[in-house]
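What follows is each chain in one-letter form.
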Amino acid sequence: AGGGSGFDGPPNPFQSSSDVPAGVPPAAAPASAETFTADSMSFQPAGAESQFVGSGPMDASLPQQQQYEQPPNVRQAAPQMTMGSSVPPNRPAGFAGAVQSCLSLDTYRTYFDVDTSDVLKRLVGAVQMANVPDGFRNDLLGASGGSESRGPDLYGPFWLTTTLVFFLAVTANMHGYLHRDDVEEFESDINHLVHAMPVLYAYTFGIPAALFVVLRCLAIPFPLIELVCLYGYSLVPYAPTLLLCLIPINFLEWIFLMAATGMSCLLVLRNVSTPILSSDVGLSKAPALVMFVVACHLIFVLVLKFAFFHHRFNSGSSSSGGDGGGGYPVPAPSPTAA
């Protein structure tokens, strides 16, 4: 509009109403007032073009080469990988991208971001929810979309498996010591540690991978990370069982090992049954899949028993004697006097 003032600019938000002369509306502020420009985010006199970002005394006192100049590409955001994107920007798609993703540490970083309280809840829940259908997956792994859960993790299974490797090696050596009659000549066997590693890691990572391939061939959706997490936490019942196997009674060792195996197998079956039975193909193949899970657990417990908790007594007797059955040695007959 053509008012009396030569400048009709926007109102100054930093100018109070008391500074406006009487009779002059707030919109018609004097032209010499400082205005705030949103582009430069600084104060500068109206009608003047400044080459500096700021127009205050500190900015004006600096040399021109030291002034901060906004780079031209500052508003161009760097490409980032969103939650919905399946392939990072610098990673090829297809099989090559999948292999590169498996070999990248960034892929597994999320599955190790858990708290101690989360791992403790899952360790306890592996026993308490062993007979609850989908209880472990839905309540603790967040398979149902719960907001309180962090999702499946790899820290708990890896930590539990590694702990049981050393615990199994120690208890196997102690079991051999308690089940020998010539304890003076007993020596710890380091091979128990070497043998425990492939057995336990194959259970935690190998069997879930094989089951994942079978379910994938049957078009049954089940994430591999959830299978690994499920099998990893199913090792919880074996922790106290290995300690109970130190009791030098053979049939009690079988009872303890079979009880732990039954609880572990029940946890797995209760949490994989719903995705299998919800599929038409899986419904027809359910008996075979159940047999596969049960057979893997039976093989696992047999390996534990005969490779780590099965020791023969070396009493120096003849080949026909030495073991009287039931796990107890038969003393060698003393030589008769001439």
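Calculation criteria
- Residues numbered from 1 in each chain as written.
- Predicted model: local features only at pLDDT ≥ 70, side-chain atom pairs only at ≥ 80, totals over all residues.
- Heavy atoms only, no water.
- Salt bridge = Lys/Arg side-chain N within 4 Å of Asp/Glu carboxyl O.
- Buried < 20%, exposed > 50% of the residue type's maximum accessible area, 1.4 Å probe, protein only.
- Axes fitted to C-alpha atoms, helices over the stretch in contact; angles between N-to-C directions.
- Helix = DSSP H or I, 4+ residues; strand = E, 2+ residues; numbered from the N terminus.
- Parallel < 35°, antiparallel > 145°, perpendicular 65-115°, else oblique.
- Left-handed = near helix turned anticlockwise from the far one by under 90°.
- Contact = heavy atoms within 4.5 Å.
- 1 Å grid on protein atoms, 1.4 Å probe; cavity = no way out; pocket = protein on both sides within 12 Å on 5 of 7 lines; lining within 4 Å.
- Points joined across faces, edges and corners; volume = space filled by probe spheres on them.
- Nonpolar A, V, L, I, M, F, W, Y, C, P; charged D, E, K, R; others polar.
- Polar contact = N/O pair within 3.5 Å; in protein donor to acceptor, adjacent residues only side chain to side chain.
- pLDDT = per-residue confidence, 0-100.

> Mind laying out the pattern of salt bridges, listing which residues take part and the relevant values?
Within the structure shown, the criterion is met by four salt bridges. One salt bridge in this structure joins Arg137 and Asp134, with 3.8 Å as the shortest N-O distance. The class of Asp134 is buried, set by a relative accessible area of 9%. Taken together, the shared-partner salt bridges connect Asp134, Arg137 and Glu226 into one network.

> Give a description of the packing of helix H8 (residues 224-233) against helix H10 (residues 250-277) that names residues and reports values.
Two elements in contact, H8 and H10, have axes whose closest approach is 9 Å; the angle formed by their N-to-C orientations is 155 degrees. Judged by the angle between their axes, H8 and H10 are roughly antiparallel. As for the relative orientation of H8 and H10, their crossing is right-handed in sense. In this structure, H8 contributes Leu227, Leu230, Tyr231 and Tyr233 to the contact, and H10 contributes Leu267, Val268, Asn271 and Val272.

> Talk me through empty space enclosed by the protein; I want residue IDs and the actual numbers.
Scanning the model with the defined rule gives two cavities of 30 Å³ or more in all. The volume enclosed by the second largest cavity comes to roughly 40 Å³. Every residue lining the second largest cavity is listed: Leu164, Leu168, Leu200, Leu235, Tyr238, Leu242, Phe300 and Leu304. Secondary-structure elements contributing two or more residues to the lining of the second largest cavity are helix H6 (155-178), helix H9 (238-244) and helix H11 (280-308). Among the residues making up the lining of the second largest cavity, the classes are represented as eight nonpolar, no polar and no charged.

> Account for the side chain of Asn173, naming residues and giving values.
Here Asn173 is to be found in helix H6. Of the polar contacts made by the side chain of Asn173, one reaches the backbone oxygen of Ala169; its length is 2.8 Å. Sequence-distant contacts of Asn173, defined by excluding residues within four places in its chain, comprise Phe186, Ser188, Asp189 and His192.

> Can you explain the confidence of the model for the protein? Please cite residues and give values.
Within the protein, residue pLDDT values average 74, and 59% of them lie at 70 or more. Here residues 1-5 scores under 50 on pLDDT; set against residues more than four positions off or in separate chains, the count is three contacts. Taken together, the stretch residues 65-88 has pLDDT below 50 and engages in eleven contacts with residues farther than four places along the chain or on a different chain.

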